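One letter stands for each residue in the lines below.
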Amino acid sequence: GAVVSQHPSWVICKSGTSVKIECRSLDFQATTMFWYRQFPKQSLMLMATSNEGSKATYEQGVEKDKFLINHASLTLSTLTVTSAHPEDSSFYICSARGRAGVGTEAFFGQGTRLTVV
Amino acid sequence: AQSVTQLGSHVSVSEGALVLLRCNYSSSVPPYLFWYVQYPNQGLQLLLKYTSAATLVKGINGFEAEFKKSETSFHLTKPSAHMSDAAEYFCAVSLYNFNKFYFGSGTKLNVKP
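The paragraphs below set out a description of the structure included in this document. (Residues numbered from 1 in each chain as written. Chains lettered and ligands numbered in written order. Predicted model: local features only at pLDDT ≥ 70, side-chain atom pairs only at ≥ 80, totals over all residues. Heavy atoms only, no water.)

## A few points about the interface of chain B and chain A
- Facing 19 residues of chain B, the contacting portion of chain A comprises 23 residues.
- Both sides of the chain B and chain A interface together cover about 1,600 Å² of buried area, and 54% of this is carbon and sulfur.
- The tally of links from chain B across to chain A stands at 0 salt bridges.
- One can count 3 residue pairs in polar contact (both at pLDDT 80 or more) joining chain B with chain A.
- Sorting the residues of the side of chain B that touches chain A by element identifies strand 4 (32-38), strand 5 (44-50) and strand 10 (101-103) of chain B as the ones contributing at least two each.
- For the side of chain B that touches chain A, the residue count by class is 9 nonpolar, 8 polar and 2 charged. (Contact = heavy atoms within 4.5 Å. Buried area = accessible area lost by both parts, 1.4 Å probe. Salt bridge = Lys/Arg side-chain N within 4 Å of Asp/Glu carboxyl O. Polar contact = N/O pair within 3.5 Å; in protein donor to acceptor, adjacent residues only side chain to side chain. Helix = DSSP H or I, 4+ residues; strand = E, 2+ residues; numbered from the N terminus. Nonpolar A, V, L, I, M, F, W, Y, C, P; charged D, E, K, R; others polar.)

## Re the pairing of strand 1 (residues 4-7) of chain A
All names here are of chain A.
- Going residue by residue along strand 1, you find V4 and Q6 tucked away on one face and S5 and H7 left uncovered on the opposite face.
- Pairing of strand 1 with strand 3 (residues 19-25) involves 4 bridges; the strand directions are antiparallel. Following the sheet pairing, S5 is matched in strand 3 by R24. (Buried < 20%, exposed > 50% of the residue type's maximum accessible area, 1.4 Å probe, protein only. Pairing = 2+ DSSP bridges.)

## Some words on the sheet that holds strand 7 (residues 64-68) of chain B
Residues and elements named next belong to chain B.
- Reading across from one edge, 1-3-8-7-6 is the order of the 5 strands in this open sheet, with antiparallel pairing throughout. Strands with a single pairing partner mark the edges of an open sheet, and in this sheet they are strand 1 (3-7) and strand 6 (56-58). On average, each strand axis in the sheet is inclined to that of its neighbour by 20°, with strand direction left out of account. (Axes fitted to C-alpha atoms, helices over the stretch in contact; angles between N-to-C directions.)

## Overview of the pairing of strand 11 (residues 112-116) of chain A
All names here are of chain A.
- Burial of the side chains of strand 11 is restricted to one face: T112, L114 and V116 are buried, whereas none of R113 and T115 on the reverse face is.
- In this sheet, strand 11 lies alongside strand 2 (residues 10-13) in parallel orientation, the contact comprising 4 bridges. By the bridge assignment for strand 11, I12 is matched with T115.
- Strand direction decides the pairing type here: strand 9 (residues 90-97) and strand 11, joined by 3 bridges, are antiparallel. By the bridge assignment, F91 is partnered in strand 11 with R113.

## Some words on a nonpolar patch on the surface
Residues and elements named next belong to chain A.
- A cluster of nonpolar residues, W10, I12 and V117, forms a patch on the protein surface that exposes about 380 Å² of accessible area.
- Along the chain, the position of V117 falls in the segment after strand 11.
- Residue classification places V117 among the exposed positions, given a relative accessible area of 58%. (Patch = residues over 30% accessible without salt bridge, like charges linked within 9 Å, V, L, I, M, F, W, Y side chains within 5 Å. Areas by Shrake-Rupley, 256 points an atom, 1.4 Å probe, with all protein chains shown as cover.)

## Some words on the environment of S18 of chain A
All names here are of chain A.
- Its place among the elements puts S18 in the loop between strand 2 and strand 3.
- Residue classification places S18 among the partly exposed positions, given a relative accessible area of 49%.
- For the pair S18 and K66, spaced 48 residues apart in sequence, the C-alpha to C-alpha distance is 9.4 Å.
- When residues no more than four places from it in sequence are discounted, the contact partners of S18 are T80, V81, T82 and S83.
- A distance of 3.4 Å separates the side chain of S18 from the backbone nitrogen of S83, its partner in a polar contact.

Shown next, in the form of structure tokens:
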């Protein structure tokens, strides 16, 4: 399958600072990227969907001003956690999908563990 | 609307025993179904997927799953557990266009020697 790479794999930041997480599709053009969040011992919850060149669509309850998503190119999407607080500590996973249509699958990155201290 | 229910947050089996992880889904349209495995502090690795072809799907590492529409189930099985199978397993449902995956709550598999 196709490869989706996230960077960094883990990050520790101080409360009040901002953190940027990158999600790259290495061998295909990702027209759509998805960002998920996984709380400890819980399942993954979709945060937002972004299409290349468009504003992201956020799920209900997700603060768009806190979780800034940019999908400026067909191979890169970024999630910026602004003014991070300890409650933002979580595992963030992205997935990427090529052009829509039957057989176009979404592939997941390896995740980023964010710890806010 | 789509949803996934995984019965049993923890399953423990002995090495060599049958592995059975249960997944039931709800979908208003024909679903695509997936099983992912997650090792500690790692991302999701696709085990297998059902996308409306054969109802019995074989995946990696000896796992397989059967799509049963009448039971709205997609249970994951492996005839003989190995220590390396210890991980957390997630069942997920998606629409045909792979927009939005809805994940179950996960089942942590423990394999005893």
